[in-house]
2 protein chains.
Amino acid sequence: MTLLPIVERCDNFSLDTTKEQLVPFHLSKDSTVPVGFLYPSIVQHLLDYNSAPDHWRPNAENNATADEPPFGVSSSRVYFSPSITTFQDRSALCKHLCEKWRDTGLFSDVIGGRLWRNELYPIYPLAMRDNTTEGAAFVMERVCCALFGFVTYGVHMTMYTEDGRIWVPRRAKTKQTWPGLLDNSVAGGIPYGLKPMESLIKECMEEASLPEEIAKNAKTVGCASYFYQTRTGWLQPEVEYVYDLCVPAPDVGSQYIPKPLDGEVESFELMTVEEVIQHMRSEEFKPNCAVVLLDFLIRHGHITPENEPNYIEILTRIHARFGFERYPNGVNTSSAE
Amino acid sequence: MTLLPIVERCDNFSLDTTKEQLVPFHLSKDSTVPVGFLYPSIVQHLLDYNSAPDHWRPNAENNATADEPPFGVSSSRVYFSPSITTFQDRSALCKHLCEKWRDTGLFSDVIGGRLWRNELYPIYPLAMRDNTTEGAAFVMERVCCALFGFVTYGVHMTMYTEDGRIWVPRRAKTKQTWPGLLDNSVAGGIPYGLKPMESLIKECMEEASLPEEIAKNAKTVGCASYFYQTRTGWLQPEVEYVYDLCVPAPDVGSQYIPKPLDGEVESFELMTVEEVIQHMRSEEFKPNCAVVLLDFLIRHGHITPENEPNYIEILTRIHARFGFERYPNGVNTSSAE
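Reading the values: rules and limits
Residues numbered from 1 in each chain as written. Chains lettered and ligands numbered in written order. Predicted model: local features only at pLDDT ≥ 70, side-chain atom pairs only at ≥ 80, totals over all residues. Heavy atoms only, no water. Domains from an automatic or database assignment. Contact = heavy atoms within 4.5 Å. Buried area = accessible area lost by both parts, 1.4 Å probe. Salt bridge = Lys/Arg side-chain N within 4 Å of Asp/Glu carboxyl O. Helix = DSSP H or I, 4+ residues; strand = E, 2+ residues; numbered from the N terminus. Expected span 1.5 Å × (residues − 1). Buried < 20%, exposed > 50% of the residue type's maximum accessible area, 1.4 Å probe, protein only. Nonpolar A, V, L, I, M, F, W, Y, C, P; charged D, E, K, R; others polar. Least-squares fit on C-alpha atoms with pLDDT ≥ 70 in both. Pairing = 2+ DSSP bridges. Axes fitted to C-alpha atoms, helices over the stretch in contact; angles between N-to-C directions. Polar contact = N/O pair within 3.5 Å; in protein donor to acceptor, adjacent residues only side chain to side chain. Arc of directions from axis to C-beta. Disulfide = S-S within 2.5 Å.

Caption draft 1: Examining the domain arrangement of chain A more closely. All names here are of chain A. Once the domains are mapped, chain A shows domain 1 (4-11 + 152-317) and domain 2 (23-150). A C-alpha centroid distance of 31 Å is found between domain 1 and domain 2. Taken together, the 23 residues of domain 1 in the interface contact 30 residues of domain 2. Carbon and sulfur atoms make up 57% of the area that domain 1 and domain 2 hide from each other, which totals about 2200 Å². If you sort the residues of domain 1 by the area they bury against domain 2, Tyr153, Tyr192 and Trp234 come out on top, with a joint share of 36%. The interface formed by domain 1 and domain 2 holds zero salt bridges in total. Among the elements of the structure, strand E7 (152-161), strand E10 (219-229) and strand E11 (235-247) are those that each provide at least two residues to the side of domain 1 that touches domain 2.

Written out as structure tokens, the structure reads:
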């Protein structure tokens, strides 16, 4: 029985086949590759923001165009106005905009209340640029990125014992997203300013009480990428750097037993590969964690072309390119200006 | 210094950006996904074949349409005629066509003389269907597939020692393709009728004198896919099932030392990772072997996001989807019938 449905729950959106209208978000009026895609409702909110008296303005004194609205908007693209060209200005504008939306209660199911993270994510000029913290065009509050369809980056580690079992945490029931579901051994978003391995080491301590001496033995083994549309329809294309950490079984070395620390995880359980697959099938894992575990099971020889009829489909879809460059003028939008 | 150029030598073609005119090859007049892409010169040769007095005809006695030409040709698609609908008929037609081209000296730089392999490859209704030998729409002589842009399938194994060195063969100087270049430890195409692991076991003996008892310990660890355009311009999208085999160092177990058997390989050398990378950079590897080795080096933690600025670009491009479904009516062709 194929495991493809597990991929389809996570890589569940394609610019090529969507019926949605999506307006590309560009860094400038003439750029050729979008950095995100917007629903028409968001475009309307950007127009409202443009015409609000308190919209953000670059504060350069001699900037002759400082009074132009912050966003350029046509029917085929949205972009930063010509006066907004620096990392600092783009970031300040996005901060002002997103906080205004939050404070007026817009999109409260996405960015409201406890959902707001106070964590800045980098947005790169080319989607899927490596997250090395260099070269970002601007930063935006983490939870707002899905409103714009910006690509975000994370780290996911599978911690397994020498006898082949996998440490699986259950997310706290109080967690804002996916409460109570199963997760990867250690996982988290990469905030602006940290390199992937630095993020992983931080998350290893916060989520699993694993000190740096152990965490730094994690092996970097690839990345997973997939185009995820959230249950409420927002676009969340993601890249996850993937790590393996092989540790002794718990009866051998107790310092290798992960334990909850920051409250995001409720408990850890050591599962066999068969148990992991069974929980994947019954949709008990957070969708993207199941995808990272599929990658692990393929790399470790548990899933093969002989036992999985959609082996190639799975492997290519969990290493997806998002195709932003194919839609510089948007998807299913009117081409008239 | 990025290793991306190694990928670019192999994944060197895209339907999205090519300037070439390409006519899609469909299984039937109304199918929605092509199985291959043809240059206009090939379309002309199919028209010539259609009008030749000795073209192949289905031999069903009561087939009222048996006298129609074997290929349907419009400006936006080529397809098997409505009377040719079975695996057997499609395969027999392709055999007749390809042998006629060979015997009349057409495309002799691709299919002539010693290049002809007498090896049948499966063509699947959906490109990138897994090569399980079931579900093929027809078979075609191996070397002819590139004339049609059909996806072909192979196996590639990296045999490495416990101390981290890699067994690298040099191709025989007499080999028809890529003579004298470096290769993967064991590699070969998957002929119709064999499953991937069966192919690998066969190749392990033929190319490296490794018996089945050793070969079957190879671990299936994924697949690589890339759209390759040959040096003479033909399209050769490929999927390679990827295997790892860890063996003792040669001073420990001499039965694990690969040796040439069938003359395709001249010699084997045990190289360090650094030596392998150096030979990759100096273009001494057959391009697709370098790609499989990149995948190996990523999975084993030698190439990381911290030391490779194009990590994501490399990983997604060596797990490429070919986008056939986006071009049911061809690429850069006139849309008029």
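Caption draft 2: Molecular detail of helix H3 (residues 87-103) of chain A. All names here are of chain A. The end-to-end C-alpha distance of H3, which contains 17 residues, comes to 24 Å, matching closely the 24 Å that a straight helix rising 1.5 Å per residue would cover. Looking at H3, one finds that the buried residues are Asp89, Arg90, Ser91, Leu93, Cys94, Leu97, Cys98 and Trp101. Summarising the contacts, the buried residues of H3 are in contact with helix H2 (40-51), strand E3 (71-73), strand E4 (78-80), helix H4 (108-111), strand E6 (138-141) and helix H5 (145-148). Phi turns positive one or two residues past the end of H3, at glycine 105, with a value near 85°.

Caption draft 3: Spatial organisation of the interface of chain A and chain B. Taken residue by residue, the interface counts 37 residues in chain A and 37 residues in chain B. Between chain A and chain B the total buried area reaches about 2900 Å² when both faces are included, carbon and sulfur atoms providing 60% of it. Interface area lost by chain A to chain B is led by Asp130, Ile312 and Arg321 of chain A, which between them contribute 20%. At the surface where chain A touches chain B, the tally comes to four salt bridges. Elements supplying a minimum of two residues to the side of chain A that touches chain B: helix H6 (196-208), E10, E11, helix H9 (287-299) and helix H10 (311-317) of chain A. Of the residues contributing to the side of chain A that touches chain B, the split by class is 15 nonpolar, 10 polar and 12 charged.

Caption draft 4: Looking closely at the relation of the copies chain A and chain B. Once chain A is rotated about the relating axis by 180° and shifted along it by 0.0 Å, it coincides with chain B to within an RMSD of 0.0 Å. Here the two chains are linked by the operation of a two-fold rotation axis. Within chain A, histidine 319 of chain A has its C-alpha nearest the rotation axis, a separation of 3.1 Å. A symmetric contact is evident, with 100% of the interface residues of chain A recurring at the interface of chain B.

Caption draft 5: Representation of the pattern of salt bridges in the model. Applying the stated criterion to the full structure yields 36 salt bridges over all chains. Note that arginine 326 of chain B and aspartate 16 of chain A form a salt bridge whose closest N and O atoms lie 3.4 Å from each other. Taken together, the positions of arginine 326 of chain B in the segment after helix H10 (311-317) and aspartate 16 of chain A in the loop between helix H1 (4-8) and strand E1 (23-26) put the pair across two chains. Accessibility expressed as a relative area gives 28% for aspartate 16 of chain A, which makes it partly exposed. Between arginine 171 of chain A and aspartate 183 of chain A there is a salt bridge, and its shortest N-O distance comes to 2.6 Å. With arginine 171 of chain A in strand E8 (residues 166-171) and aspartate 183 of chain A in the loop between E8 and strand E9 (186-189), this pair connects stretches of sequence that are 12 residues apart. Judged by its relative accessible area of 5%, arginine 171 of chain A is buried. The buried category is assigned to aspartate 183 of chain A, whose relative accessible area is 7%. Among the charged side chains, a salt-bridge network with shared partners connects Asp11, Glu313 and Arg317 of chain A together with Arg321 of chain B.

Caption draft 6: Main features of the pairing of E9 of chain A. Residues and elements named next belong to chain A. Residues of E9 alternate between two faces, with Val186 and Gly188 on one and Ala187 and Gly189 on the opposite face, all of them buried. The sheet contact formed by E7 and E9 spans four bridges and is antiparallel. The partner of valine 155 across the bridge, within E9, is glycine 188.

Caption draft 7: Region of interest: the sheet that holds E4 of chain A. All names here are of chain A. A sheet is described by the order of its strands in space; here four strands give the open sequence E2-E1-E4-E3, paired in mixed fashion. Every interior strand has two partners, whereas the edge strands, strand E2 (36-38) and E3, have only one. In this sheet, adjacent strand axes meet at a mean angle of 25° when their direction is disregarded. The pairing of E1 with E4 spans two bridges and is parallel. If you follow phenylalanine 25 over to E4, its bridge partner there is valine 78. Strand contacts of H2: E1, E2, E3 and E4, with the helix running at about 125° to E3, the strand carrying the most contacts.

Caption draft 8: Highlighting the side chain of serine 225 of chain A. Looking at the secondary structure, you find serine 225 of chain A in strand E10. Within the structure, serine 225 of chain A has its side chain in polar contact with the backbone oxygen of alanine 320 of chain A (distance 2.7 Å). When residues no more than four places from it in sequence are discounted, the contact partners of serine 225 of chain A are Met128, Glu238, Val239, Arg317, Ile318, His319, Ala320 and Phe322 of chain A together with Thr316 of chain B.

Caption draft 9: Just helix H2 (residues 40-51) of chain B, in detail. Residues and elements named next belong to chain B. Relative to the 16 Å expected for 12 residues at 1.5 Å per residue, H2 spans 17 Å between its end C-alpha atoms, a close match to the ideal helical length. Of the positions making up H2, those classed as buried are Ile42, Val43, Leu46, Tyr49 and Asn50. Across the axial projection of H2, the buried residues extend over an arc of 115°, all falling on one side. Against the buried residues of H2 lie strand E1 (23-26), strand E2 (36-38), strand E3 (71-73), strand E4 (78-80), helix H3 (87-103) and helix H5 (145-148).

Caption draft 10: Structural view of the state of the cysteines. Across all of its chains, the model carries zero disulfides over all chains by this definition. In this structure cysteine 223 of chain A is not part of a disulfide, and its nearest cysteine sulfur, from cysteine 10 of chain A, lies 13 Å away. No disulfide involves cysteine 98 of chain B; its sulfur sits 3.5 Å from that of cysteine 144 of chain B, the nearest cysteine. Take cysteine 98 of chain B: its relative accessible area is 1%, and that puts it in the buried class.

Caption draft 11: Structural context of the sheet that holds E1 of chain B. All names here are of chain B. Strands sit in the order E2-E1-E4-E3 across an open sheet of four strands; the sheet is mixed. Strand pairing shows two members of the sheet lacking a second neighbour, E2 and E3, which therefore form its edges. Ignoring strand direction, the axes of neighbouring strands in this sheet form an average angle of 25°. Here three bridges tie E1 to E2, and the two strands are oriented antiparallel to one another.

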